[in-house]
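Each chain, letter by letter, is given below.
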Amino acid sequence: MRGRGGRIPAAACSALLVLCSAGQAAAQEPDDAEEAAAEAEDAGEEDDGVGFFVGGEVELPSRYVWRGLACSEGPALQPSLWVGAFGFTAWTWTNLHLGEATAADPTWELDAGLNYAYEWEGLTLQGEFQLYSYPGIEDAPPTGELNVALSVPRGPVTLSTKHSVDVIEYPGAYFGELALALAVEPADGWSIEWSFALGWGSAKFNESYIGPATDALNVATGGVVVEWSPLDYLYLRARLETTALLEASLREATGEPVLFVAALAVGAEWAP
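Enquirer: Residues and numbers for the sheet that holds strand E9 (residues 157-166), please.
Expert: The 12 strands lie next to each other as E1-E4-E5-E6-E7-E8-E9-E10-E11-E12-E13-E14, forming a closed barrel whose pairing is antiparallel. The sheet shows a mean angle of 20° between the axes of neighbouring strands, direction not considered. Two strands pair when backbone bridges link them, and strand E1 (residues 53-61) and strand E14 (residues 258-270) are joined in this way by 8 bridges, in the antiparallel orientation. Note on E14: the bridge partner recorded for Glu59 is Ala265.

Enquirer: Mind laying out the packing of aromatic side chains, listing which residues take part and the relevant values?
Expert: This model, assessed by the stated rule, comprises 10 aromatic pairs. Ring geometry for Tyr64 versus Trp93: centroids 5.7 Å apart, planes at 55°, classification tilted. One end of the pair, Tyr64, is in the loop between E1 and strand E2 (65-66); the other, Trp93, is in strand E5 (residues 88-97), with 29 residues separating them in the sequence. On the basis of relative accessibility, which here comes to 3%, the residue Tyr64 falls in the buried class. With a relative accessible area of 6%, Trp93 lands in the buried category. Ring geometry for Phe88 against Tyr116: centres 4.6 Å apart, planes inclined by 45°, an arrangement best described as tilted. Within this pair, whereas Phe88 is found in strand E5, its partner Tyr116 is found in strand E6 (residues 108-120), the two being separated by 28 residues in sequence. Given the relative accessible area of 34%, Tyr116 is considered partly exposed. Three or more aromatic residues joined by ring pairs form one cluster here, namely Trp66, Tyr132, Tyr170, Phe175, Phe205 and Tyr209.

Enquirer: Run through the pairing of strand E4 (residues 76-85), naming residues and quoting values.
Expert: Of the pairings in the sheet, the one linking E1 to E4 comprises 7 bridges and is antiparallel in character. Counted as the bridge partner of Phe53 is Gly84 from E4. Hairpin connection from E4 to E5: 2 residues lie between these consecutive antiparallel strands, with Phe86 at a positive phi of about 55°.

Enquirer: So what's going on with the side chain of Glu128? Which residues, and what values?
Expert: Mapped onto the secondary structure, Glu128 falls in strand E7 (residues 123-133). In this structure Glu128 is buried but unpaired, with Lys162 as the nearest side chain of opposite charge at 4.2 Å. Looking at Glu128, its side chain comes within polar contact range of the side chain of Trp91, at 2.8 Å.

Procedures and definitions
- Residues numbered from 1 in each chain as written.
- Predicted model: local features only at pLDDT ≥ 70, side-chain atom pairs only at ≥ 80, totals over all residues.
- Heavy atoms only, no water.
- Pairing = 2+ DSSP bridges.
- Helix = DSSP H or I, 4+ residues; strand = E, 2+ residues; numbered from the N terminus.
- Axes fitted to C-alpha atoms, helices over the stretch in contact; angles between N-to-C directions.
- Phe/Tyr/Trp six-rings, centres within 6.5 Å; stacked < 30°, edge-to-face > 60°.
- Buried < 20%, exposed > 50% of the residue type's maximum accessible area, 1.4 Å probe, protein only.
- Lys, Arg positive; Asp, Glu negative; His and termini not counted.
- Salt bridge = Lys/Arg side-chain N within 4 Å of Asp/Glu carboxyl O.
- Polar contact = N/O pair within 3.5 Å; in protein donor to acceptor, adjacent residues only side chain to side chain.

Here it is in structure tokens:
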């Protein structure tokens, strides 16, 4: 599941409940105030709980594109599943080419990962191990990355950065990303997000996946995502995205420096 961030159990309701209860306690007698504080603490613990959730999604993109690189000539089917609790999310993601695969990549891919997210003062910090595998393909060895990500929301705008280092097949291969997103909710159940991102790779990363052994500002990505949630646990999503390789030697090596992707997805997530 390339690029998927972990899902974080919401804690805002618990915090609000504690604050409201504390305000009520200030106007009560001492005994009542202590009792109210204890009830607020218990309520916060109950709301927080284990934060359990489970979900799944199927996306149909016009092409499989990863970090500005085309991994398919045509459409793909990409189902995923995830389950989480206590801030952890375990997930699995599969890619199946519906058209002709590029020479550099196998027809299908199976990835999995474990993500931990921690929220503090409005910031979200995530750490993750992600495994890439290509079952049955001898010349496509599995590999894995350690990822760390930080997101800073300010109203409808979110600034985020992610850094990934290979630790198995291509040790030391590094890829970094910086993204800016603007999200609005024009109506109940609807959301629209515009985003722009820059990605850069180390010489080891570019040599391993593209060819030229050069440190470079690899790719610029821009896109829009429209999501509709007809039910609390169900969502439908449309995505339009374009990527452009920026460094001359990478553009020449791929032969296809600018890519466009259109995708439709349906998914569901449930929490008790």
